[in-house]
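Summary of structural features
What follows is each chain in one-letter form.
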Amino acid sequence: MNTRILIVLALIIAGIAGWFFQQQGEVTPPVSIGAAEVDYEATDIQAVQTNEQGETEYELNAESLTHDPSTNQDVMSGIVMNWEPAAEQLYRIQSGTATINQETGDLHLYGGFSLASENQAKTTDKGEKIAPITVTGKALKGNTKSRQVYREQPVQVVQGNNRFEAATMKANLETGEYEFGKVAVLFTPSERKDKALF
């Protein structure tokens, strides 16, 4: 083949390629990567929070933790928390996911939760042992500094053999006082047995 034909052919191909790329418009700028929304992550968390006197306030175990600096919240999954807001009050909290703000103390449990009192030594005025209370539901809000929790959606409550459902709940975990709204109880009386009097 003649060299001139090859050169002309190469120029025609270069001209077509140049025209094709010119028709494509501007090349988009490269993708810019912004700041991450998470500044640290950890797994298999075991943490202890103390109060101003150095006494343990709560112990926390979690499968994973991420911290969001824009909201200053820790987001944890698979948590188990032993919370002792007062000397006589001990609670075990379990939840699928939780967010906590270390500065404000705001706590939000979701993905299912269980709040169980672990007070084994409590008794009534008559000396009878008080059964621990277990509250379960879908989500729970509270504050670790005020030591209060609340729920505006239905919760299930179990205390010994007693079970009921409440539309709302508020609890002061420091004093152990609970307030339930719109309580629904299923009462099943024992079977009646007639006996002859004579």
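It should be noted that the structure appears before, not after, this text.
An account of the accompanying structure is given in this report. (Residues numbered from 1 in each chain as written. Predicted model: local features only at pLDDT ≥ 70, side-chain atom pairs only at ≥ 80, totals over all residues. Heavy atoms only, no water.)

1. Considerations on the pattern of salt bridges
Summed over the entire model, instances satisfying the criterion amount to 1 salt bridge. For Glu57, the salt bridge is made with Arg147, and the minimal N-O distance between the two is 3.4 Å. Here Arg147 lies in the loop between strand S6 (133-143) and strand S7 (148-151) and Glu57 lies in strand S2 (residues 56-68), a separation of 90 residues in the sequence. The residues Glu57 and Arg147 share a single accessibility class, namely buried. (Salt bridge = Lys/Arg side-chain N within 4 Å of Asp/Glu carboxyl O. Helix = DSSP H or I, 4+ residues; strand = E, 2+ residues; numbered from the N terminus. Buried < 20%, exposed > 50% of the residue type's maximum accessible area, 1.4 Å probe, protein only.)

2. Concerning the pairing of strand S5 (residues 106-117)
Taken together, the 9 bridges between strand S4 (residues 89-101) and S5 define a ladder with antiparallel strand orientation. Each bridged residue has a counterpart across the sheet, and for Ile93 the counterpart in S5 is Leu115. In sequence, S4 turns back onto S5 through a hairpin of 4 residues, with Gly105 there showing a positive phi of about 85 degrees. Strand direction decides the pairing type here: S5 and S6, joined by 9 bridges, are antiparallel. Bridge assignment links Ala116 to a residue of S6, and that residue is Thr134. (Pairing = 2+ DSSP bridges.)

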